[in-house]
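# Fold and geometry: a report
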Amino acid sequence: MSAINHATAELVSRAPVIPVLVIDDLKTAVPLATALAAGGLTVLEVTMRTPVALDCIRAIADALPQVMIGAGTVNNPASVKAAVAAGSRFLVSPGSTEALLDAFLDSGLPFLAGAVTASEVLGLAERGLNHAKFFPAEPAGGTNYIKSLGGPLPEMRFCPTGGIDLAKAKEYLKLPNVPCVGGSWVAPADAVKAGDWARIETLAREAAGLKG
Ligand SMILES: O=C(O)C(=O)C[C@H](O)[C@H](O)COP(=O)(O)O
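- Its UniProt record gives the protein chain the following Subunit (unreviewed entry) comment, quoted word for word: "Homotrimer."
- Looking at the Pathway (unreviewed entry) heading of the UniProt record, one finds this comment for the protein chain: "Carbohydrate acid metabolism."

In structure tokens, the structure reads:
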């Protein structure tokens, strides 16, 4: 197993749920990450979908060294560079291209590149990879689909995201090829806006308790 596969396996074993965060206001980044970590979710993905995403990653990396902070929506090689420079400790993308995989591998960081079809999974396997993000999980076919992929492609481990909540997460995590799931349900936009960190900590604690 390559060093990156090993590091990725370690990453996905840290917690059953990786919060997928879309942060609009830099001021909320550290309190949000603090609440999630207090609830037991210490692997956090900040999507590069907002203008402040890189600043949020930097702020969380500086303030909370115990949190494994990563970047999501890393859709091209330039974003890989920016995410690494901001202090990301892992990278996530919804899909995979050869150029993106080259950049991910060059970064030396653990990463989850997206794959849904058997051909896409084989594309990752050809690069020596054995972990993938499975997005968009629910619209793409959910647990039945991932169970089916596991027949001919038993080595690949999937982190499904997209349309998952606590109840669905429990079902995904029963699959032998799903070590963790990703989702935004643990950080509802209204709770972040209201600064309701207690609610977010409770949601995180429920999610962290999903798998022993
Ligand atoms: O931003 C990315 O890179 C993505 O791939 C999409 C996210 O993983 C999903 O948007 C999370 O899904 P929800 O839990 O349904 O909100």
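### Digging into the overall build of the protein chain
- Looking only at helices and strands, the protein chain features 11 helices and 8 strands.
- Relative to the compact-globule value of 17 Å for 212 residues, the protein chain shows a C-alpha radius of gyration of 16 Å, a close match.
- Taken along the three principal axes of its C-alpha coordinates, the protein chain extends 45 × 35 × 25 Å.
- The long-range fraction of contacts in the protein chain, counting pairs at least 24 apart against all pairs at least 6 apart in sequence, stands at 62%.

### Let's talk about the site of the ligand
- Around the ligand sit 15 residues in total, of which Thr-73, Pro-94, Thr-161, Gly-183 and Ser-184 are the nearest.
- Residues of the shell around the ligand, tallied by class, amount to 5 nonpolar, 9 polar and 1 charged.

### Details of the packing of helix α2 (residues 26-38) against helix α3 (residues 53-63)
- Orientation of α2 relative to α3, taken along the N-to-C sense of each, is 40°, at an axis distance of 9 Å. Taken as axis vectors, α2 and α3 run oblique relative to one another. For the pair α2 and α3, the sense of crossing is right-handed. Contact residues: Leu-26, Ala-29, Val-30 and Ala-33 in α2; Asp-55, Cys-56, Ala-59, Ile-60 and Ala-63 in α3.
- For the contact of α2 with α3, the class distribution of residues is 8 nonpolar, no polar and 1 charged.

### Brief notes about the nonpolar core
- Among the nonpolar cores identified, the biggest contains 68 residues, and Leu-32, Leu-36, Leu-41 and Leu-91 are the most heavily contacted of them.
- Looking at this core element by element, the count peaks at 6 residues for α2.

### Looking at helix α11 (residues 197-208)
- When the terminal C-alpha atoms of α11 are compared, their 16 Å separation across 12 residues agrees well with the 16 Å that a helix rising 1.5 Å per residue should span.
- Among all positions in α11, only Ile-200, Leu-203, Ala-204 and Ala-207 are buried. Projected onto a plane normal to the axis of α11, the buried residues spread over an arc of 100° and lie on a single side.
- Residues of α11 that are buried make contact with β1 (17-21), α2, α9 (166-172) and α10 (189-194).

### Side note on unusual backbone geometry
- With an omega dihedral of -5°, the bond running from Phe-135 to Pro-136 counts as a cis peptide bond.
- Non-glycine residue Thr-73 carries a positive phi angle of around 55°.

### What about the confidence of the model for the protein chain?
- Summing up the model confidence of the protein chain, the mean pLDDT is 97 and the portion of residues at 70 or higher is 99%.
- If you check the scores for this complex, the pTM reads 0.97 and the ipTM reads 0.94.

### Quick word on the packing of helix α4 (residues 77-85) against helix α5 (residues 98-107)
- Contact pair α4 / α5: the axes reach a minimum separation of 8 Å and the direction vectors enclose 25°. With respect to each other, α4 and α5 are oriented roughly parallel. Seen from above, α4 lies across α5 with right-handed handedness. Contact residues: Pro-77, Val-80 and Val-84 in α4; Ala-99, Leu-100, Ala-103, Phe-104 and Ser-107 in α5.

### Comments concerning the pairing of strand β7 (residues 157-160)
- With burial as the criterion, each face of β7 is covered, one bearing Arg-157 and Cys-159 and the other bearing Phe-158 and Pro-160.
- Two strands pair when backbone bridges link them, and strand β6 (residues 131-134) and β7 are joined in this way by 4 bridges, in the parallel orientation. The residue bridging Phe-134 from the neighbouring strand is Pro-160, located in β7.

Conventions adopted
- Residues numbered from 1 in each chain as written.
- Predicted model: local features only at pLDDT ≥ 70, side-chain atom pairs only at ≥ 80, totals over all residues.
- UniProt positions renumbered as here; feature names shortened; annotations may be inferred.
- Helix = DSSP H or I, 4+ residues; strand = E, 2+ residues; numbered from the N terminus.
- Rg over C-alpha atoms; globule rule 2.2 N^0.38 Å.
- Contact = placed C-beta atoms within 7 Å.
- Near = placed C-beta within 6 Å.
- Nonpolar A, V, L, I, M, F, W, Y, C, P; charged D, E, K, R; others polar.
- Axes fitted to C-alpha atoms, helices over the stretch in contact; angles between N-to-C directions.
- Parallel < 35°, antiparallel > 145°, perpendicular 65-115°, else oblique.
- Left-handed = near helix turned anticlockwise from the far one by under 90°.
- Core = buried A, V, L, I, M, F, W, Y, C linked by C-beta atoms within 7 Å.
- Buried ≥ 20, exposed ≤ 12 C-beta atoms within 10 Å, placed from the backbone.
- Expected span 1.5 Å × (residues − 1).
- Arc of directions from axis to C-beta.
- pLDDT = per-residue confidence, 0-100.
- Pairing = 2+ DSSP bridges.

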